[in-house]
Amino acid sequence: MRTVTPAESIASDFDSFDAQSGWLSAGIKAEASYQFNDDWGVTGTLRYDQLLGDTAESPITQSEDQVSASFVVTRKVTI
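I will try to describe carefully the structure that is included in this document. As the structure is a prediction and not an experimental result, all values here were calculated from the model.

Within the open sheet, the three strands sit side by side as 1-2-3. Their pairing is antiparallel. Since the sheet does not close on itself, it has two edges, and those belong to strand 1 (25-35) and strand 3 (65-75), each with one partner. Along the sheet, successive strands turn relative to each other by an average axial angle of 10°, direction set aside. When strand 2 (residues 40-51) meets strand 3, the two strands line up antiparallel, connected through eleven bridges. The partner of Gly44 across the bridge, within strand 3, is Phe71.

Now for the pairing of strand 1. Counting buried positions over the eleven residues of strand 1 gives zero, only a small fraction of the element. As defined by bridge partners, strand 1 adjoins strand 2 across eleven bridges and the pair is classed as antiparallel. Bridging from a neighbouring strand, Ile28 pairs with Tyr48 of strand 2. Counting the residues that bridge the hairpin from strand 1 to strand 2 gives four residues.

Among the structural elements, Thr43 can be located in strand 2. On the accessibility criterion, Thr43 (18% relative accessible area) is buried. Side chain to side chain, Thr43 and Ser33 meet in a polar contact 3.0 Å long. Residue contacts for Thr43: discarding those within four places in its chain leaves Glu31, Ala32, Ser33, Ser70, Phe71 and Val72.

The final tally for this structure, using the stated rule, is one aromatic pair. Here Tyr34 and Phe36 contribute two aromatic rings whose centre-to-centre distance is 5.0 Å and whose plane-to-plane angle is 80°, an arrangement assigned as edge-to-face. Each of the two residues, Tyr34 as well as Phe36, counts as exposed.

Right, let's get into the side chain of Asp49. Of note, Asp49 is situated in strand 2. Asp49 sits in the buried class, given a relative accessible area of 11%. The residues contacting Asp49, other than those within four sequence positions of it, are Ser25, Ala26, Gly27, Glu64, Asp65 and Gln66.

Conventions we followed
Residues numbered from 1 in each chain as written. Predicted model: local features only at pLDDT ≥ 70, side-chain atom pairs only at ≥ 80, totals over all residues. Heavy atoms only, no water. Pairing = 2+ DSSP bridges. Helix = DSSP H or I, 4+ residues; strand = E, 2+ residues; numbered from the N terminus. Axes fitted to C-alpha atoms, helices over the stretch in contact; angles between N-to-C directions. Buried < 20%, exposed > 50% of the residue type's maximum accessible area, 1.4 Å probe, protein only. Polar contact = N/O pair within 3.5 Å; in protein donor to acceptor, adjacent residues only side chain to side chain. Contact = heavy atoms within 4.5 Å. Phe/Tyr/Trp six-rings, centres within 6.5 Å; stacked < 30°, edge-to-face > 60°.

Spelled out as structure tokens, the structure:
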């Protein structure tokens, strides 16, 4: 894990912080795929994580709740 050293703390708005070991986060992921035909498809993903322990307490963490989404179009290429 990344720490904020005393020198970095002086040069920034962050408090000094020394992270220890442990779980980073716990979450859930949902994914759905659809194949339009043999060549084209799409996949959508939605993910939620909650930061835990030192990760959540870090001064550089803005929120314990982390949400991400992706939408991917796929194309089969045959050479």
